[in-house]
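Residues per chain are reported as follows:
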Amino acid sequence: MINWFKYSAPSTFYALAGKLAPWFAAIAAILFAAGLYVGLYVAPTDAVQSDSYRIIFIHVPTSLLSMFIYLVMAGYAALGLIFNTRLSAMMANALAPTGALFAFIALWTGALWGKPTWGAYWVWDARLTTQLILFFLYLGFIALHASIDDPRRADRAAALLAIVGSVNVPIIYFSVKWWSTLHQGATIKPSGVSMEATMQMGLYAMFAACWAYAIAMALWRVRSIILERERSAQWVLDLPETR
Amino acid sequence: MSFSEFIAMHGRGMYVWGSYGMALLIFVVEIALVFHKRTLTLKQIRMMRDAEGDQ
């Protein structure tokens, strides 16, 4: 049995994150290469959308993950708020920038896909607007945390924002069902994927690549956060890299 | 398919490469920032230790 509580101590998690992060980065690099090759070269041109559909391979993974990372971030923040665990708040902080950047990539690639498909970079559609709100929620979380000097108080205030803001995530996800939006419905559904086989392969590879990338970034970022916040602890001063 | 055809993406090159280009730029900047932060944090800890050693 693995003793999970052992890894909730910042000192042990610092070492574990350092061991795991390069592996996730390597997996991400391989999958990005494979996904881009399949998505941009192997997969056929779409009969209706021509080649602009190829934006899907970066748009859908970053959009889905921007929502998922937000929920994980809010989950960690809630754990920190309820159990007063130090590491969970640090993990929430480590995830926020990557989530924000994914949300931005989703909006940017969506605009560049919207122009040739709908004739407009931006419309105030339910899906687009709620995704924009998600991006602002990430920025709000980061800014609020940065604006409070006492880190434990900053954790609590930002956690509250994250938890309240998580209401937005199901609204984004179901917006294409609830309202008649310009945005198309879900491509990946429990009933199956409505795509050609190589397109599917490319999409899954890019999705897994983005996932591994986000984990690698969060793990590397949390190591700095741990060091910064535990800087007066003896174990930090004993590390070979701080000598 | 020739290289110029691949880049042209049937006239949609601007949208496709604009999307992947921005994503690449963001990933590169994020990776650089994460490693810069690591270097900075280690430097701060060393400075703090040196300052305490002087007292």
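Further up the page is the structure itself.
Residues numbered from 1 in each chain as written. Chains lettered and ligands numbered in written order. Predicted model: local features only at pLDDT ≥ 70, side-chain atom pairs only at ≥ 80, totals over all residues.

**Considerations on the overall build of chain B**
A tally of helices and strands in chain B yields 2 helices and 0 strands. Computed over its C-alpha atoms, the radius of gyration of chain B comes to 22 Å, more than 25% above the 10 Å expected for a compact globule of 55 residues. Among the 55 residues that make up chain B, the fraction classed as buried is 16%. (Helix = DSSP H or I, 4+ residues; strand = E, 2+ residues; numbered from the N terminus. Rg over C-alpha atoms; globule rule 2.2 N^0.38 Å. Buried ≥ 20, exposed ≤ 12 C-beta atoms within 10 Å, placed from the backbone.)

**What about the overall build of chain A?**
Looking only at helices and strands, chain A features 8 helices and 2 strands. Reading chain A from its N end, one meets helices and strands in the order α-α-α-α-α-α-β-β-α-α. Relative to a compact globule of 243 residues, whose C-alpha radius of gyration would be 18 Å, chain A shows 20 Å and is just as compact. Along the longest, intermediate and shortest principal axes, the C-alpha atoms of chain A span 65 × 35 × 35 Å. A total of 243 residues make up chain A; the buried ones form 42% of that total. Counting only contacts in chain A whose residues sit at least 6 apart along the sequence, the fraction spanning at least 24 positions is 77%. (Contact = placed C-beta atoms within 7 Å.)

**Side note on the interface of chain A and chain B**
With 28 residues of chain A at the contact, the number on the chain B side is 21 residues. Counting residues per element, the ones that place at least two in the side of chain A that touches chain B are helix H3 (86-118), helix H7 (197-229) and helix H8 (234-238) of chain A. Residue contributions to the side of chain A that touches chain B peak at 9 residues, all from H3 of chain A. A per-class count over the side of chain A that touches chain B returns 13 nonpolar, 7 polar and 8 charged. (Nonpolar A, V, L, I, M, F, W, Y, C, P; charged D, E, K, R; others polar.)

**Overview of the environment of Ile45 of chain B**
Mapped onto the fold, Ile45 of chain B is located in helix H2 (residues 13-54). The buried category is assigned to Ile45 of chain B, around which 21 C-beta atoms lie within 10 Å. In this structure, the C-alpha to C-alpha distance between Ile45 of chain B and Phe27 of chain B, residues 18 residues apart in sequence, is 27 Å. Setting aside anything within four residues of it in sequence, one finds Ile45 of chain B in contact with Leu227, Arg231, Val236 and Thr242 of chain A.

**A few points about the packing of helix H4 (residues 126-147) of chain A against helix H6 (residues 168-178) of chain A**
All names here are of chain A. With their axes 8 Å apart at the nearest point, H4 and H6 run at an angle of 160° to one another. Here H4 lies roughly antiparallel to H6, going by the angle between them. The two elements H4 and H6 meet at a crossing, and its hand is left-handed. Across from Ala126, Arg127, Thr130, Gln131, Ile133, Leu134 and Leu137 in H4, the residues of H6 making contact are Asn168, Ile171, Ile172, Ser175 and Val176. The residue inventory of the contact of H4 with H6, partitioned by class, reads 7 nonpolar, 4 polar and 1 charged. (Axes fitted to C-alpha atoms, helices over the stretch in contact; angles between N-to-C directions. Parallel < 35°, antiparallel > 145°, perpendicular 65-115°, else oblique. Left-handed = near helix turned anticlockwise from the far one by under 90°.)

**As for the nonpolar core**
Residues Met73, Ala77, Ala92, Ala209, Ala216, Leu219 and Val222 of chain A are the most contacted members of the largest nonpolar core, which totals 78 residues. Sorting the residues of this core by element identifies helix H1 (10-42), helix H2 (56-83), H3, H4, helix H5 (151-165) and H7 of chain A together with H2 of chain B as the ones contributing at least two each. With residues near it in sequence (within four places) discarded, Ala77 of chain A still touches Ala89, Ala92, Ala158, Ala159, Ala162 and Ile163 of chain A. (Core = buried A, V, L, I, M, F, W, Y, C linked by C-beta atoms within 7 Å.)

**A few points about unusual backbone geometry**
All names here are of chain A. Look at Ser50: it is not a glycine, yet its phi comes out positive at around 55°. The class for Ser50 is partly exposed, based on 17 C-beta atoms found within 10 Å. For Asn84, which is not a glycine, the phi torsion comes out positive at approximately 60°. Among the structural elements, Asn84 can be located in the loop between H2 and H3.

**Digging into the environment of Ala106 of chain A**
Residues and elements named next belong to chain A. As for its position among the elements, Ala106 is in helix H3. With 27 C-beta atoms packed within 10 Å, Ala106 lands in the buried category. Along the primary structure Ala106 and Gln131 are separated by 25 residues, whereas in three dimensions their C-alpha atoms are 8.3 Å apart. Those residues in contact with Ala106 that sit more than four places away from it in its chain are His59, Thr62, Ser63, Ser66 and Gln131.

**Comments concerning the packing of H1 of chain A against H7 of chain A**
All names here are of chain A. Two elements in contact, H1 and H7, have axes separated by 6 Å at closest approach and are oriented at 155°. When the axis of H1 is compared with that of H7, the two are roughly antiparallel. Crossing of H1 over H7 shows left-handed handedness. Residues belonging to the contact of H1 with H7 are distributed by class as follows: 27 nonpolar, 5 polar and 1 charged.

Bear in mind that shape data such as this cannot, by itself, settle questions of function.
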